[in-house]
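One-letter residues, chain by chain:
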Amino acid sequence: EDAALAARFQAKVDAEEKIEPNDWMPEAYRKTLIRQIAQHAHSEIVGMLPEGNWITRAPSLKRKAALLAKVQDEGGHGLYLYAAAETLGVSREELFEMLISSRQKYSSIFNYPTLSWADIGVIGWLVDGAAIMNQIPLCRCSYGPYARAMIRVCKEESFHQRQGFEIMLTLSRGTPEQKAMAQDALNRWWWPVLMMFGPSDKESANTDATMRWKIKRFTNDELRQKFVDATIPQAQHLGLTLPDPDLKFNEETQHWEFGEIDWAEFKRVVAGDGPCNKQRIKQRKTAYEGGAWVREAATAYAEKRAARARG
Ligand code: 3HC
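Residues numbered from 1 in each chain as written. Predicted model: local features only at pLDDT ≥ 70, side-chain atom pairs only at ≥ 80, totals over all residues. Heavy atoms only, no water.

Novice: How would you sum up the packing of aromatic side chains? Please name residues and give values.
Specialist: Scanning all chains against the criterion turns up eleven aromatic pairs. Measuring from centroid to centroid gives 6.2 Å for Phe9 and Trp24, while their planes differ by 75°, and the two rings are edge-to-face. Of the two residues, Phe9 sits in helix H1 (residues 3-14) while Trp24 sits in the loop between H1 and helix H2 (27-46), which places them 15 residues apart along the sequence. With a relative accessible area of 31%, Trp24 lands in the partly exposed category. With centroids separated by 5.9 Å and ring planes inclined at 65°, the aromatic side chains of Trp125 and Phe165 adopt a geometry described as edge-to-face. Here Trp125 is found in helix H6 (residues 117-138), whereas its partner Phe165 is found in helix H7 (residues 144-172), with 40 residues between them in sequence. Feature note: the residues Phe9, Trp24, Tyr29 and Trp213 constitute an aromatic cluster, connected by ring pairs. (Phe/Tyr/Trp six-rings, centres within 6.5 Å; stacked < 30°, edge-to-face > 60°. Helix = DSSP H or I, 4+ residues; strand = E, 2+ residues; numbered from the N terminus. Buried < 20%, exposed > 50% of the residue type's maximum accessible area, 1.4 Å probe, protein only.)

Below you can see the structure in the form of structure tokens.
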């Protein structure tokens with residue numbers, strides 16, 4: 001690679017200039033962006049499955065409408081992100097193949113089952129809350145199309161988080177059974193949500209490069225800590241307890257210290273051996289195959305229109 005080109009590229013990144021699709025970029029920059037944006041897109045689409053499971057069973061029309069809107073938003077986020085990945089020279093079909101052949105990942109968090117309505121509250125409150133923590137800095141990512149996709153996503157994500165917290169507030173102020181349901185959901189989701197931020201910094205293979213290239217603006221542990229500090233007071237407001245006996249507030253650092261994450265579980269779920277991995281991939285394949293006729297019809301229609309336009 002021409003060293004001068006690479007130096008000019010890094011100078012642009014250091015000067016906070018956006019890198020656009022037609023700009024020269026190191027192949028490793030392109031590769032890691034395709035990897036991260038594709039996984040982000042896969043996460044949005046797979047994330048529709050655990051939530052979609054409750055659309056027909058929402059406790060009221062209002063809750064059903066809000067959940068329907070949220071799941072639809074996630075589909076849209078996937079679309080923006082696949083479109084951002086395509087600007088780097090990959091096709092959606094290639095990315096889909098990479099997903100179902102496990103050559104690309106999606107967020108571990110979506111491999112857990114949604115067992116009660118309270119899970120939908122916890123997902124909005126904590127999963128989308130963690131996603132917001134992670135996505136706000138991505139609005140300042142050095143790659144233009146990714147940063148611009150994130151600005152729209154973050155606006156919609158805040159509605160997701162608020163509707164989730166409101167579900168938890170309703171349950172925690174409801175009957176003892178409702179409060180117990182909220183506590184049970186928090187107990188099952190708390191640790192998997194902390195794993196959304198990725199491995200610890202010392203284990204993270206990509207952080208050095210993605211920080212240098214200003215794709216990542218904070219490390220995994222920094223964002224995880226920000227999330228814990230912001231979320232504990234919310235759990236206290238709900239009158240719920242966190243399933244971590246080691247939690248304690250450090251007056252000096254003004255941060256919440258928390259227990260050790262089960263990294264064996266993290267590795268197992270990322271490697272495909274979580275509670276719902278097989279079911280999620282199977283559902284994605286079925287949806288893709290089931291939608292083939294729509295893609296074929298749209299392509300045939302577009303070709304007919306193009307032929308008519310040629311006259
Ligand atoms: N689940 C699955 N894989 C994970 C993971 C998780 N929770 N955390 C890390 N990994 C993978 C990484 O992808 C990497 O594997 P790879 O090299 O094959 O891609 C490996 O574990 C090592 O992790 P690193 O920290 O080195 O990887 P990154 O630098 O990419 O950091 C990340 C991981 C913070 C998730 C980063 O990729 C990122 O910010 N991605 C974009 C945001 C995203 O994907 N969020 C998913 C949340 S779900 C969501 O946003 C939908 C919302 O609507 C709820």
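Let us keep going from here.
Novice: Let's hear about the site of the ligand: which residues, and what values?
Specialist: Around the ligand, the structure places 32 residues, and the nearest of them are Arg35, Glu74, Lys105, Lys216 and Asn220. One of the side-chain nitrogen or oxygen atoms of Asn134 is found 2.8 Å away from an oxygen atom of the ligand. Between the ligand and Ala205 there is a distance of 3.1 Å, counted from an oxygen atom to a backbone nitrogen or oxygen. Among the elements of the structure, H2, H6, H7 and helix H11 (263-270) are those that each provide at least two residues to the shell around the ligand. The class makeup of the residues in the shell around the ligand is 13 nonpolar, twelve polar and seven charged. (Near = heavy atom within 4 Å. Polar contact = N/O pair within 3.5 Å; in protein donor to acceptor, adjacent residues only side chain to side chain. Nonpolar A, V, L, I, M, F, W, Y, C, P; charged D, E, K, R; others polar.)

Novice: Describe the packing of helix H12 (residues 277-290) against helix H13 (residues 292-310), naming the residues involved and giving the relevant values.
Specialist: Interhelical geometry of H12 versus H13 gives an angle of 35° and a closest axis separation of 4 Å. On H13, the residues that touch Tyr288, Glu289 and Gly290 of H12 are Ala292, Trp293 and Arg295. Here the residues of the contact of H12 with H13 sort into three nonpolar, one polar and two charged. (Axes fitted to C-alpha atoms, helices over the stretch in contact; angles between N-to-C directions. Contact = heavy atoms within 4.5 Å.)

Novice: Let's hear about the nonpolar core: which residues, and what values?
Specialist: Grouped burial of nonpolar side chains is what soluble globular proteins tend to show. Counting 53 residues, the largest nonpolar core has Trp125, Leu126, Trp189, Trp190 and Phe227 as its most contacted members. Here this core takes ten residues from H6, the largest share from any one element. Beyond its immediate sequence surroundings of up to four residues, Leu126 is in contact with Leu186, Trp190, Val193, Phe227 and Thr231. Membership of the second largest hydrophobic core comes to 29 residues, among which are Met25, Tyr29, Ile37 and Cys154. (Core = buried A, V, L, I, M, F, W, Y, C linked by side-chain atoms within 4.5 Å.)

Novice: Report on the state of the cysteines, specifying residues and quantitative values.
Specialist: Counted according to the given criterion, the structure contains zero disulfides. Not part of a disulfide, Cys141 finds its nearest cysteine sulfur in Cys139, a span of 9.7 Å. (Disulfide = S-S within 2.5 Å.)

Novice: I'd like a description of the packing of helix H5 (residues 92-100) against H12, backed by residues and values.
Specialist: With their axes 10 Å apart at the nearest point, H5 and H12 run at an angle of 150° to one another. When the axis of H5 is compared with that of H12, the two are roughly antiparallel. When you trace H5 past H12, the crossing you get is left-handed. Along the contact surface, H5 presents Glu93, Phe96, Leu99 and Ile100, while H12 presents Ile281, Arg284, Lys285 and Tyr288. Of the residues in the contact of H5 with H12, the class split is five nonpolar, no polar and three charged. (Parallel < 35°, antiparallel > 145°, perpendicular 65-115°, else oblique. Left-handed = near helix turned anticlockwise from the far one by under 90°.)

Novice: Explain the environment of Phe249 to me, and be specific about the residues and the numbers.
Specialist: Within the secondary structure, Phe249 is located in strand S1 (residues 248-250). Note: C-alpha distance between Phe249 and Glu177 (72 residues apart in sequence) is 30 Å. Each residue touching Phe249, except ones within four places of it in the same chain, is listed here: Gln254, His255 and Trp256.

Novice: Tell me about H6, residues and numbers included.
Specialist: Look at H6: 31 Å from first C-alpha to last across 22 residues, which is about the 32 Å you get at 1.5 Å a residue. Along H6, the sharpest change in direction is near 35° and occurs at Ile123. The element H6 is largely enclosed, with a buried count of 20 among its 22 residues. (Expected span 1.5 Å × (residues − 1). Bend = angle between axes of the 7 residues up to and from the residue.)

Novice: Explain the pattern of salt bridges to me, and be specific about the residues and the numbers.
Specialist: All chains considered together, the criterion is met by 16 salt bridges. With a shortest N-O distance of 2.7 Å, Arg217 and Glu16 are connected by a salt bridge. Here Arg217, found in the loop between helix H9 (207-212) and helix H10 (220-238), pairs with Glu16, found in the loop between H1 and H2; they are 201 residues apart in sequence, far enough to count as distant. When its relative accessible area of 43% is taken as the criterion, Glu16 is described as partly exposed. In this structure, the salt-bridge partner of Glu86 is Arg92, at a minimum N-O distance of 3.2 Å. Shared partners join several salt bridges into a network, and the residues in it are Glu51, Lys70, Glu74 and Asp128. (Salt bridge = Lys/Arg side-chain N within 4 Å of Asp/Glu carboxyl O.)

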